[in-house]
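# Commentary on secondary and tertiary structure
Now for the letters of each chain:
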Amino acid sequence: MISSVTIDAGGKAEVLRLPTKAMARLESEYDGMTFFQFWEGVAASPRITDMVAILAAMMNNGDGADRDAAADLIDQIGFEAAVDIIGDVANKAFPETAGKNTKGARRPAPKK
């Protein structure tokens, strides 16, 4: 089972996890890209839109949340902390690649 990361967000515990269903949700939003191509692009050049999408997919123990809830979470904890937490959650999902940075990939805009 993929481990989770629990953070305190305004006095409320938020459990973040990156299970297969969360990866599939992200992949479906970025036409023509695999999850790993998307992830490499984010690692190379994170956009706020991407951070919101990733956090939304990870929230509620990987069951997901809407983007407004994810954006509110970023506002509570700060963008830098959000990036670090996303990295921590990814390291739990893929411990064999923890700390490795891969070559970036360009990604198309998400479906609207």
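Right, let's walk through the structure included here. Being a predicted model, the structure only gives us computed values, none of them experimental.

Looking now at the packing of aromatic side chains. Per the counting criterion, the structure on display carries 5 aromatic pairs. Centre to centre, the rings of Phe36 and Phe94 are 5.6 Å apart; their planes meet at 70°, and the pair counts as edge-to-face. Note that Phe36 is positioned in helix H2 (residues 35–44) and Phe94 in the segment after helix H5 (79–93), a separation of 58 residues in sequence. Exposure remark for Phe94: the relative accessible area of 17% places this residue in the buried category. Here a set of aromatic residues connected by ring pairs shows up, and it is made of Phe35, Phe36, Trp39 and Phe94.

If you look at the biggest cluster of nonpolar residues, it comprises 31 residues, and the most contacted ones within it are Leu16, Leu18, Leu26, Ile54, Leu55, Met58 and Val89. Looking at this core, the elements that each hand over two or more residues are strand S1 (5–9), helix H1 (20–29), H2, helix H3 (48–58), helix H4 (67–77) and H5. For Leu26, the contacting residues outside a window of four places in its chain are Phe35, Phe38, Ala53, Ile54 and Ala57.

A few words on the pairing of S1. Side-chain direction in a regular strand flips from residue to residue, so the side chains alternate between the two faces of the sheet. On S1, burial follows the alternation: Val5, Ile7 and Ala9 on one face are buried, whereas Thr6 and Asp8 on the facing-out side are not. With 5 bridges joining them, S1 and strand S2 (residues 12–16) adopt antiparallel strand pairing. Looking across to S2, one finds that Thr6 is bridged to Val15.

Throughout the structure, instances matching the rule amount to 4 salt bridges. Note that Lys21 is salt-bridged to Asp63, the shortest N-O span being 2.4 Å. Here Lys21, found in helix H1, pairs with Asp63, found in the loop between H3 and H4; they are 42 residues apart in sequence, far enough to count as distant. With its nearest N and O atoms 2.0 Å apart, the salt bridge here joins Glu29 to Arg67.

Reading guide: rules and limits
Residues numbered from 1 in each chain as written. Predicted model: local features only at pLDDT ≥ 70, side-chain atom pairs only at ≥ 80, totals over all residues. Heavy atoms only, no water. Phe/Tyr/Trp six-rings, centres within 6.5 Å; stacked < 30°, edge-to-face > 60°. Helix = DSSP H or I, 4+ residues; strand = E, 2+ residues; numbered from the N terminus. Buried < 20%, exposed > 50% of the residue type's maximum accessible area, 1.4 Å probe, protein only. Core = buried A, V, L, I, M, F, W, Y, C linked by side-chain atoms within 4.5 Å. Contact = heavy atoms within 4.5 Å. Pairing = 2+ DSSP bridges. Salt bridge = Lys/Arg side-chain N within 4 Å of Asp/Glu carboxyl O.

Shape descriptors only; they carry no functional weight alone.
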